[in-house]
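Observations on chain architecture
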Amino acid sequence: MLSLPAGTDTVSVVGLERAGTTALTPAIFSSIQLTDVLAWVSIAAFFVALVLRWQGAFEPARYLATGAWVTFGGFWLTMVPYYYYEMQSPLQTVLALVALPLCAYAGYLLWGGRDSLFLLTKAIAFMGLIYLPAETVPVFRAWLIETTAVQTHYGMELLGHSPGINEGANGYESRFDFDPDETVTGRTTYIILACTGIGSMAIFGGLIAAVKAPLRRKATAFVAAIGIIWLLNLFRNVFIGLASPWGWFQQEWLVSIMTTYMGAEESRVSFLVAHNYIAQSLSVVALVGITYLVVKILPEVLEPLEEVLFILTGNEYDLFDALGKDRVRADGGSGHDN
């Protein structure tokens, strides 16, 4: 969800929405195009590597997967300007920055023979398969954004607010039509793709799709994860959508800190605090909780999560033992493959 002065429309270019009517510069436009290209190339390479491995071409699969991991890290690096300048999100900026060295390290480990990383590679490939069409296919993206906007507006109505929804310059019915003369900040918010929860859904969908387990348990874990994400995301959007125009966090001391040290516009303080600090921090807590629930239903996902921890720390962890679970190989086997 982005914040903008009430009455200002939005511009959409290649899946990334931007507040205001100022045209994107050629440099930014090229960067956005590069972002989409890197994303599609890396995900396609992941899938090709998996097919090669399935066909027994182990060395070519390893080398291609290594390159795909590095390319995937490059994709996240191109997102840094967007997170830093547009979203003004410290958390997302830092995560995007560290993604490149972490992905490069994953590629290095795979190149060196850690074949257990192919399971995580498979999960990332499915995550991309879920997320990228939503970002790059206009019809799908419009449906997700507008449906989320309608549901968020309904949540606002339950709390006594009915601003209505406007169609922005991007053609999406996603902008909450608060009257700037009646609100505290004179601002409103609008829904973008990130507000739909598709990113978190893709993460869990990819993990669940990657492991081998009975279909019933996989379906149960998927429905539970997606349902909780949808509900919590709705609460999040309603919270931000009301906090921004009504200035819930426009306290003098907060405004002083945000404008002096963070370079924020005074009227955006409530939005930034609600969106970038409160909501994003709670999202991390929610993801941990959802992960625990999915693990209870589908312990096979612990294996790719062990690979994530190894990339982050360089140490081997036995999450099955830590959580009192019998070790079950996510590829249907037993033991650990390095």
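Scroll up to find the structure.
In this report, we go over the structure that sits alongside the text. (Residues numbered from 1 in each chain as written. Predicted model: local features only at pLDDT ≥ 70, side-chain atom pairs only at ≥ 80, totals over all residues. Heavy atoms only, no water.)

A short note on a nonpolar patch on the surface
- On the surface, Leu77, Leu91, Val94, Leu95, Leu97, Val98, Val284 and Val288 cluster together to form a nonpolar patch covering roughly 650 Å² of accessible area.
- Of all elements in the fold, only helix 4 (90–111) and helix 10 (269–297) reach the threshold of two or more residues within the nonpolar patch.
- Tallying contributions element by element places helix 4 first for the nonpolar patch, with five residues.
- When you line up the elements, Leu77 lands in helix 2 (residues 58–78). (Patch = residues over 30% accessible without salt bridge, like charges linked within 9 Å, V, L, I, M, F, W, Y side chains within 5 Å. Areas by Shrake-Rupley, 256 points an atom, 1.4 Å probe, with all protein chains shown as cover. Salt bridge = Lys/Arg side-chain N within 4 Å of Asp/Glu carboxyl O. Helix = DSSP H or I, 4+ residues; strand = E, 2+ residues; numbered from the N terminus.)

Examining the nonpolar core
- Within the largest apolar cluster, 82 residues are counted, with the highest numbers of intra-cluster contacts made by Phe46, Trp69 and Val294.
- The element that contributes the greatest number of residues to this core is helix 10, accounting for 10 residues.
- What Val294 contacts, discounting residues up to four positions off in sequence, is Phe204, Ile208, Ala221, Ala225, Pro299 and Val301. (Core = buried A, V, L, I, M, F, W, Y, C linked by side-chain atoms within 4.5 Å. Buried < 20%, exposed > 50% of the residue type's maximum accessible area, 1.4 Å probe, protein only. Contact = heavy atoms within 4.5 Å.)

Some details on the pattern of salt bridges
- For the coordinates displayed, the defined rule picks out 10 salt bridges.
- The salt bridge involving Arg53 is made with Asp115; its shortest N-O contact spans 3.8 Å. Of this pair, Arg53 sits in helix 1 (residues 26–54) while Asp115 sits in the loop between helix 4 and helix 5 (117–136), and the two are 62 residues apart along the sequence.
- Classification of Asp115 by relative accessible area gives buried; the value is 14%.
- For the salt bridge of Arg114 with Glu307, the shortest nitrogen-to-oxygen distance reads 2.8 Å. Highlighted residues: Arg114 in the loop between helix 4 and helix 5 and Glu307 in helix 11 (residues 302–313), separated in sequence by 193 residues.

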